[in-house]
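The lines below spell out each chain.
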Amino acid sequence: MTTVITPEYLVDGTGAPAETGMAVVVEDGRITSVVPAEHAPSGPAVERIDAPGQTLLPGLIDLHFHQFLLLVERLGGPQEQTFRRDPLIATTILKAARAAKIWLQQGVTTIRDAGAPDNMAVAMREAIADGFTVGPRVVASGALIAQTGGMRAGNEDHAVEITGADEARREARLQLKAGVDVLKLYGASSIGGGGGRLVGPPGWPQLSVEEMRAVCEEAHKADRLCSAHAVSTVSIRNAIEAGVDWVDHADFLDDETIQMLLDTDTPICPTQAIAWSLEHFGEDMGFGPHIAKMAAEVSVVATEALAKAYRAGVRIAAGTDADNPRASLAQECRLLTEVGMSPLEAIRAATLTNAEILRLDDRIGTVQAGKVADLILVAGDAATDIDALKRIQDVFQAGERLTLPLVDLSAWGYA
Amino acid sequence: MRKVVVRGGRVIDPAADAPTARPRDLLIEDDRITAWLEPGEAVADAETIDAAGSVVVPGLIDAHFHPFLVDIDPKIPRERHTLALELHHALGALDAWLGSGVTTVRSAGAHANHDVELRALQRAGVVRGPRIVASGSLVAMTSGLRAGNEAISVEVTGPDDARRVARLQIKAGVDQVKLYTSSSVGGGGGRMMGPPGWPQLDEDEIRAVVEEADHAGIPTLAHATSEIAVKQCLRAGVHCIEHATRLDDEAIALLAERDVPIVPTLAIGWSLATFGVLRGFGEHIARTAAAKQAIGIASLQRAKAAGVRIAAGTDADNSRCLLREECRLLVEDAGFTPLEALRAATVTAAQVLRREGEIGALRPGYLADLLLLDADPLDDIRHLAHVRGVLQGGQVCAWRKEASVSA
Ligand SMILES: [Zn+2]
Ligand SMILES: [Zn+2]
């Protein structure tokens, strides 16, 4: 079976300018050629998809998503008391499957699940790969490896808490055996500064360099990856020193730390979408006003730091850390353009750069012959209007065209 | 907004260069001092607190206090202490301290982090008393605490174990982490009687705790009674040394060089030496206390001469052992000027608690914690005993009933 897609614009994910008049030829789930439309194969055995006014792009990759944290329902009460894990494990898993579908229908064909209780992201990876449920390709982190007392009260189920390099190493080894692709370190407190009753400085450093290094070593021995949640300057430096493959969040960057990122060629995954959504919609979602205020305060600092890092040439990935559908990867790309990236650069971050970081760039991340046909069509010219990413028309997973929407969000009041 | 003017008093601001009791009115808005006023200066819509004839000083800060150890009869064995008994005495002690002009205490340790709970009850407005800055359980070495006293500590062995406990303490919400780095002055572990103040936690264990506290942005304090223990603590980065009974030149030089304050806690030694027997302790305890007191005072004087900062704390185990006694002992036994003693109980204690800018001075922006005295403590430190009224966070929380004079 051969499919030929002829969009108005083609953005291939490499950062190259958009092309017009091109056809993408897909056979057996792969892109076999990208040719001028007039040279595309034709005939009764060829399915043609014409997409006038639309841009064809690689399926997006979210480097920081939590299937087990995305909610569309309002929170029931103060966040400390009602965390998102449902008392019924089946409900928890069904909600995660819903989250996977929601991200897929927003054009995200690959996610790195950045951490879930009991290594459940591994189970989601397999369930999706085996076709039990529909969702993006999953690259799985396990339970977060955190320091003793490191997780905010109520969030502990997302982590395994350790003290000492040996305990960290043991947990890393167990997770690798359990099938984790990316070991995830919790190298700093949450932005709120919390442990339990303690409200410390935002993102204060947690886990020692030695503890993190032990985990990185085990990941790299097994040819797997390791990333760290790091927020404060010291925690970012600790993570780089320990040898992580990239830094998640990296909110408080100073010049010296930016230089360290450059010297070690360590990318950062800033996750601005979550703070943006909390700042603007937190109260709708059932959070107290202090959360919106805090998100606004941190994002002022983080945005400035990110702009600096971008200008200095730090590699920047795209991830959402979304806990709600508004914190979409399209929104993250929009926010990346607000710190100075061009739409093409923001798209590259969400496609090829993320694929490179996950070492999947031989298979996904661009619209090029030989790649898996994970493709999306959006309305408008995405190379000049980044918000085109919010107007998804079609999603192809390995050449398979999905029937959208997979989940009707209007029932929960989302447009 | 509630406005109050404290009128007609003479105000001492111990944070000033050469403070004296000067006529000055204080404007309080809600819980803070917002302005110094010229005597008599009018303020619209303000209540008045009449301070005529009084000397006004900042609320005192006891930098070493154990709310759950005060006034429990020493004849009741530790294992028979119930939570109700301890709580009853804790509330009584807090009341007594507040009435004597102490508006903030640094709790230097309480079992099961009960001081953190008490702090929560204070913030909820359920319990009154000096504002508690809590340490929770002490981090001690395995078998470090004297038999019967173990409950106040969590015992650790090895830096990873110490680090884990520090992390748990931080999550539990302590304001600082307290280390127990040397034996009690009596030398006890269990049946073992070691040399007084023998070093217990190792330097790498102490350092692990300090690192965790630094990450969380909170200070550490260490019980350290001998020179070896003090030096280990300083090398490991501890932020404040408690007791500091025996110091050698090297320890003093390190204290001065790293600008780490000490809290000598003379009051407890004085109290044991003076009323120990009366309170049911053995003769030998009273004798040891007196001997140790002499050593502690000599160390203190040398440290002070070397420029080490000194904060006032009581380590009280009974309600006669008040902070004003600590101040008096600093003057009468250790040769401080009254101003130096007052600063130890206000400005320096606030630094030790990392609450400078909030408490310990009478300046705009500070919490309105203040004490009205009948006479000037800079003339005679014993005047701290003549308390007419106490305000905490702008609220009158103690006011002496004047004897009514009839013809
Ligand atoms: Zn995350
Ligand atoms: Zn003590």
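Residues numbered from 1 in each chain as written. Chains lettered and ligands numbered in written order. Predicted model: local features only at pLDDT ≥ 70, side-chain atom pairs only at ≥ 80, totals over all residues. Heavy atoms only, no water.

## A word on the coordination of the zinc ion (ligand 2)
All names here are of chain B. Definition in use: Atoms of type N, O and S within 2.8 Å of a metal are treated as its donors, and for Na, K and Ca the window is 3.2 Å; water is not considered, so some sites may appear to be missing partners. Only DSSP runs of H or I with at least four residues qualify as helices, and only runs of E with at least two residues qualify as strands; both kinds are numbered from the N terminus onward. Partly exposed residues are those whose accessible area sits between 20% and 50% of the maximum for their type, while under 20% is buried and over 50% is exposed, using a 1.4 Å probe and protein chains only.
In the first shell of the zinc ion (ligand 2), the protein supplies His64 (NE2), His66 (NE2) and Asp315 (OD), at 2.0 to 2.4 Å from the metal. Each donor residue of the zinc ion (ligand 2) lies on the same chain, and together they follow the pattern H-x1-H-x248-D. With histidine 66 in the loop between strand S8 (60–65) and helix H1 (83–99) and aspartate 315 in the loop between helix H8 (283–305) and helix H9 (323–332), this residue pair connects regions lying 249 residues apart in the sequence. We classify aspartate 315 as buried; its relative accessible area is 17%.

## Things to note about helix H1 (residues 89–105) of chain A
Residues and elements named next belong to chain A. Cut-off, in case you're wondering: Expected span of a helix: the number of residues minus one, times 1.5 Å. Here, two residues are considered to be in contact whenever any of their heavy atoms come within 4.5 Å of each other.
Under the 1.5 Å per step criterion, the end-to-end length of H1 is 25 Å for 17 residues, consistent within 8% with the ideal 24 Å. Taken residue by residue, H1 has Thr92, Ala96, Ala97, Arg98, Ala99, Ala100, Ile102, Trp103, Leu104 and Gln105 as its buried positions. Looking at the buried positions of H1, the neighbouring elements they touch are strand S6 (60–65), strand S7 (108–113), helix H2 (120–129), helix H9 (329–338) and strand S16 (392–397). With its phi angle positive at about 95°, glycine 107 sits one or two positions after the end of H1.

## Some words on the interface of chain B and chain A
Spelled out, the test is: Simply put, the buried area is the total loss of 1.4 Å probe accessible area from both parts when two parts are fitted together. Salt bridges are identified by distance alone: a Lys or Arg side-chain nitrogen within 4 Å of an Asp or Glu carboxyl oxygen. For this scheme, ten residues count as nonpolar: Ala, Val, Leu, Ile, Met, Phe, Trp, Tyr, Cys and Pro. Four count as charged, namely Asp, Glu, Lys and Arg, and the remainder, Gly too, count as polar.
Tallying the contact residues gives 17 residues for chain B and 24 residues for chain A. The largest per-residue losses of area from chain B upon contact with chain A belong to Arg167, Lys171 and His215 of chain B, which jointly make up 49% of the total buried on that side. There are 3 salt bridges connecting chain B and chain A. Glutamate 167 of chain A serves as the salt-bridge partner of arginine 164 of chain B, at 2.9 Å between the closest nitrogen and oxygen. At the level of secondary structure, the elements contributing two or more residues to the side of chain B that touches chain A comprise helix H2 (114–123), helix H3 (159–172) and helix H4 (203–216) of chain B. Among the elements that take part in the side of chain B that touches chain A, H3 of chain B stands out by supplying 8 residues, more than any other. Across the side of chain B that touches chain A, the residue classes break down as 7 nonpolar, 3 polar and 7 charged.

## Quick look at the domain arrangement of chain B
Residue and element names in this part refer to chain B. Note the threshold: Note: domain ranges come from an automatic or database domain assignment.
Per the domain assignment, the segments of chain B are domain 1 (3–58 + 361–406) and domain 2 (60–352). If you average the C-alpha positions of domain 1 and of domain 2, the two centres end up 30 Å apart. With 24 residues of domain 1 in contact, the opposing surface of domain 2 contributes 23 residues. Both sides together, the interface formed by domain 1 and domain 2 hides about 1,800 Å², and carbon and sulfur atoms give 65% of it.

## A few points about the pattern of salt bridges
Residue and element names in this part refer to chain B. Overall, the coordinates contain 52 salt bridges over all chains when judged by the stated rule. Salt-bridge contacts for arginine 32 lead to glutamate 358; the nearest nitrogen and oxygen are separated by 3.1 Å. Of this pair, arginine 32 sits in strand S5 (residues 32–37) while glutamate 358 sits in the loop between helix H11 (347–352) and strand S17 (370–373), and the two are 326 residues apart along the sequence. Among the residues examined, arginine 32 registers a relative accessible area of 26% and is labelled partly exposed. On the accessibility criterion, glutamate 358 (29% relative accessible area) is partly exposed. Arginine 246 is the salt-bridge partner of glutamate 227, the closest N and O atoms lying 3.0 Å from each other. Taken together, the positions of glutamate 227 in helix H5 (residues 227–236) and arginine 246 in the loop between strand S15 (241–243) and helix H6 (249–258) put the pair 19 residues apart, joining distant regions of the chain.

## Re the domain arrangement of chain A
Interface size, as often reported, equals the accessible area lost upon joining of the parts. All names here are of chain A. Under the domain assignment, chain A is made up of domain 1 (2–58 + 366–402) and domain 2 (60–357). One C-alpha centre belongs to domain 1, the other to domain 2, and the line joining them spans 30 Å. Residue-level contacts link 24 residues of domain 1 with 23 residues of domain 2. Around 1,800 Å² of area is buried between domain 1 and domain 2 when both sides are counted, 67% of it from carbon and sulfur atoms.

## Some remarks on the packing of helix H5 (residues 233–242) of chain A against helix H6 (residues 255–264) of chain A
Residues and elements named next belong to chain A. Definition in use: Working convention: axes come from line fits to C-alpha atoms, limited for helices to the stretch in contact. Angles between N-to-C directions cover 0 to 180 degrees. Oblique is the label for every angle not falling under 35 degrees (roughly parallel), over 145 degrees (roughly antiparallel), or within 65 to 115 degrees (roughly perpendicular). By the definition used in this description, the sense in which the near helix is turned from the far one sets the handedness, with an anticlockwise turn below a right angle giving left-handed and a clockwise turn giving right-handed.
Axis separation between H5 and H6 bottoms out at 10 Å; the angle between their running directions is 20°. It follows from the interaxial angle that H5 and H6 lie roughly parallel. For H5 against H6, the interelement crossing comes out left-handed. For the pair H5 and H6, the contacting residues are Thr233, Ile236, Arg237, Ile240 and Glu241 in the first and Glu256, Thr257, Met260, Leu261 and Thr264 in the second. Across the contact of H5 with H6, the residue classes break down as 4 nonpolar, 3 polar and 3 charged.

## A closer look at the sheet that holds S8 of chain B
Residue and element names in this part refer to chain B. Stated precisely, the cut-off is as follows: A pair of strands counts as paired when DSSP detects no fewer than two bridges linking them.
Read across the sheet, 3 strands follow the order S8-S9-S10 without closing on themselves; strand pairing throughout is parallel. The strands lining the two open edges of the sheet, one partner per strand, are S8 and strand S10 (131–133). Pairwise comparison of adjacent strand axes, ignoring direction, gives a mean angle of 20° for this sheet. Direction of pairing for S8 relative to strand S9 (residues 102–107): parallel, over a ladder of 4 bridges. The residue bridging isoleucine 61 from the neighbouring strand is threonine 104, located in S9.

## Quick notes on the sheet that holds S7 of chain A
All names here are of chain A. If you walk across this open sheet you meet the 3 strands as S6-S7-S8, and the pairing is parallel. Edge positions in the sheet fall to S6 and strand S8 (137–140), since each has one partner strand and no second. Each adjacent strand pair in this sheet contributes to an overall mean axis angle of 20°, direction not counted. As defined by bridge partners, S7 adjoins S8 across 4 bridges and the pair is classed as parallel.

## Details of the nonpolar core
This is how it is decided: Put simply, buried Ala, Val, Leu, Ile, Met, Phe, Trp, Tyr and Cys residues joined by side-chain atoms within 4.5 Å make one nonpolar core.
Among the nonpolar cores identified, the biggest contains 89 residues, and Ile241 and Ile262 of chain B are the most heavily contacted of them. Counting contributing residues, this core receives three or more from each of domain 1 (3–58 + 361–406) and domain 2 (60–352) of chain B. Ranked by size, the runner-up nonpolar core spans 87 residues in total, among them Ile111, Ala116, Cys226 and Ala346 of chain A.

## Here's the deal with the packing of aromatic side chains
Residue and element names in this part refer to chain B. For clarity, the cut-off: Only rings of Phe, Tyr and Trp enter the pairing, Trp through its six-membered ring, and a pair is recorded when the two centres are within 6.5 Å. The plane angle decides the type: under 30 degrees is stacked, over 60 is edge-to-face, the rest tilted. For a Lys NZ or an Arg CZ to count as sitting over a ring, it must be within 6 Å of the ring centre and within 35 degrees of the ring normal.
As enumerated under the stated definition, the model contains 4 aromatic pairs over all chains in all. On the numbers, 4.6 Å between centres and 40° between planes, the contact of phenylalanine 65 with tryptophan 97 is tilted. Remark: tryptophan 97 occurs in helix H1 and phenylalanine 65 occurs in strand S8; sequence separation between them is 32 residues. Across the pair, exposure class does not vary: phenylalanine 65 and tryptophan 97 are buried alike. Between tryptophan 270 and phenylalanine 275, the aromatic rings sit 5.3 Å apart at their centres with planes inclined by 80°, giving edge-to-face as the arrangement. Judged on exposure class, the residue tryptophan 270 and its partner phenylalanine 275 are both buried. Sitting over the ring of phenylalanine 336, lysine 304 keeps its end group 4.8 Å from the ring centre.

## Here we look at unusual backbone geometry
In this structure, proline 405 of chain A follows leucine 404 of chain A across a cis peptide bond, with omega equal to -10°. Phi at alanine 244 of chain B takes a positive value of approximately 45°, unusual for a residue other than glycine. Its location among the elements puts alanine 244 of chain B in the loop between S15 and H6. On the accessibility criterion, alanine 244 of chain B (2% relative accessible area) is buried.

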